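# A structural walkthrough
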Amino acid sequence: MNQRKTVGQSWDTFAEKALSGAVLTLEEGVSVLQANNDQLLPLMKAAYRVRRHYYGNKVKLNMIINAKSGLCPEDCGYCSQSLVSTASIPKYPLLDRETLVAGAREALQRKAGTYCIVASGRGPTDKELEQVVEAVAEIRATMPLKICACLGILREEQAEKLREAGVHRYNHNLNTSRANYPSITTTHTYDQRVATVETARAHGMSPCSGVIIGMGESDEEIVEMALALRELDADSIPINFLNAIPGTPLEHSERVPALKALKVLALFRFICPTKEIRVAGGREISLRTLQPLSLYAANSIFVGDYMTTKGQDVTLDHQMIEDLGFEIEETAVS
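Sequence order as written defines the numbering, with residues in each chain counted from 1. Side-chain atom pairs in this predicted model are given and counted only at pLDDT of 80 or more, local residue features only at pLDDT of at least 70, and totals for whole chains, interfaces and linings cover all residues. Based on all heavy atoms of the structure, the side-chain values leave hydrogens and waters out of the count.

## With respect to the confidence of the model for the protein chain
- Values of pLDDT, ranging from 0 to 100, describe the predictor's confidence in every residue of the model. When pLDDT is averaged along the protein chain, the result is 94, and 96% of the positions lie at 70 or above.
- Pairs of residues are marked as contacts when any of their non-hydrogen atoms sit within 4.5 Å. Every residue in residues 1-8 is under pLDDT 50, and counting partners more than four places away or in other chains gives four contacts.

## Some points on the packing of helix H5 (residues 126-142) against helix H6 (residues 156-165)
- In this analysis, axes come from line fits to C-alpha atoms, helices being fitted only over the stretch in contact, and the angle between any two N-to-C directions falls in the range 0 to 180 degrees. Elements are defined by DSSP. Helices are runs of H or I of four residues or more, strands are runs of E of two residues or more, and each kind is numbered from the N terminus. Running from amino to carboxyl end, H5 crosses H6 at an angle of 15°, the nearest separation of the two axes being 8 Å. Here H5 lies roughly parallel to H6, going by the angle between them. Crossing of H5 over H6 shows right-handed handedness. When H5 is examined against H6, the residues Asp126, Leu129, Glu130, Val132, Val133, Val136, Ala137 and Arg140 are found in contact with a partner set consisting of Gln158, Lys161, Leu162 and Ala165.
- Looking at the contact of H5 with H6 residue by residue, the classes come out as seven nonpolar, one polar and four charged. Note on angle classes: values under 35 degrees are labelled roughly parallel, values over 145 roughly antiparallel, values of 65 to 115 roughly perpendicular, and the remainder oblique. Two helices crossing with the near one rotated counterclockwise from the far one by less than a right angle form a left-handed crossing, whereas a clockwise rotation gives a right-handed crossing. Gly falls in the polar group here, along with every residue not listed as nonpolar (Ala, Val, Leu, Ile, Met, Phe, Trp, Tyr, Cys, Pro) or charged (Asp, Glu, Lys, Arg).

## Remarks on H5
- A helix is expected to span 1.5 Å multiplied by its residue count minus one. Helix length check: H5, at 17 residues, gives a terminal C-alpha distance of 25 Å against a target of 24 Å (1.5 Å per residue), a fit within 8%.
- On the buried face of H5, the contacting elements are strand S1 (58-68), helix H4 (97-109), strand S2 (114-119), strand S3 (146-150) and H6.

## A short note on helix H2 (residues 26-33)
- All of the buried residues in H2 are Gly29, Val30, Val32 and Leu33. One side of H2 holds all its buried residues, which, seen down the axis, span an arc of 150°. Residue burial is assigned from relative accessible area. The probe radius is 1.4 Å, only protein chains are included, and a residue is buried under 20% of its type maximum, exposed over 50%, and partly exposed in between. Directions are taken from the helix axis to each C-beta atom, and the arc is the one they span.

## Remarks on the environment of Cys72
- Here Cys72 shows up in the loop between S1 and H4.
- With 193 residues separating them in the primary sequence, Cys72 and Leu265 have C-alpha atoms 30 Å apart.
- With residues up to four places along the chain from it excluded, the contact list for Cys72 reads Gln81, Ser82, Leu83, Ser120, Gly121 and Arg122.

## Thoughts on unusual backbone geometry
- We note that Leu71 has phi near 60°; this positive angle belongs to a residue other than glycine.
- When you line up the elements, Leu71 lands in the loop between S1 and H4.
- For Leu71, a relative accessible area of 51% gives the class exposed.
- In this structure, Asp233 is a non-glycine residue whose phi angle is positive, near 60°.
- Residue position: Asp233 is located in the loop between helix H9 (219-232) and strand S7 (236-241).
- With a relative accessible area of 33%, Asp233 lands in the partly exposed category.

Now the structure itself:
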């Protein structure tokens with residue numbers, strides 16, 4: 001009994017460290033991930049203290065459009081669109097301006113504040129970049145949406161063009177730990193991903209970078225991911241849980257259990273307390289009926305479908321937020 005009480009009190013200590021700007025140690029971070037399951041509610045309560053301090057009970061909604069599908073020369077083991085994937089998915093070149101703009105209107109209907117234009121590939125060609133720039137300019141002129149682009153590795157001049165067009169945020173996920181990276185992808189490096197996030201920031205776009213949990217990483221490596229994103233100072237951190245898609249090298253990976261997924265979200269809230277923690281791909285599969293609990297640590301979710309996998313019906317997402325007594329933050333642009 002005393003041991004459990006001590007552990008329970010430690011979660012409040014972690015919340016206090018987060019609120020004071022102190023950083024959890026590697027050992028403290030691992031203790032979150034390895035907490036007894038009967039400590040889940042005290043743990044989430046402590047994470048909620050931090051979430052509430054910075055974000056109240058507001059929830060940010062984001063919507064993805066799969067702007068270019070498949071046709072990717074990279075060998076990312078988790079991705080159905082990669083060179084090494086045999087998954088049966090739609091394959092098409094970059095969508096035209098009208099379709100990208102129509103997607104933004106759909107995002108507004110879903111009460112999303114951020115519209116994410118995501119394209120497969122190592123990086124955009126100049127022609128593809130111009131198509132995105134034209135669409136972004138029209139969206140910015142006609143809709144109160146925050147625009148996030150995720151187009152792969154960027155050159156300096158490409159980053160500048162996106163910023164000039166009005167892109168608010170650029171996403172390029174670290175995905176996994178530095179040590180685990182070569183087992184997941186060999187056609188580009190961890191450092192190239194870090195450099196792209198830094199390029200986006202240098203050109204005035206808000207950096208967005210996150211992870212995929214469930215790709216063979218250790219608990220220590222999960223903590224290292226969170227610490228790396230804190231050091232990178234990513235403003236928005238999508239937490240994905242691997243959706244093991246048939247036809248990909250990771251198709252036989254085990255599902256991340258719901259309770260472990262919640263502990264991961266609490267960990268990232270403690271280590272990156274001021275940042276937008278976004279429950280992203282795979283939440284429906286890993287969290288299942290415990291999805292509502294995720295919002296006691298996270299303050300943001302995706303609505304609608306992901307890249308090549310289906311998401312939850314948006315009505316259920318709206319109902320979940322309402323039933324929690326939380327509030328959708330519909331306008332992301334002040």
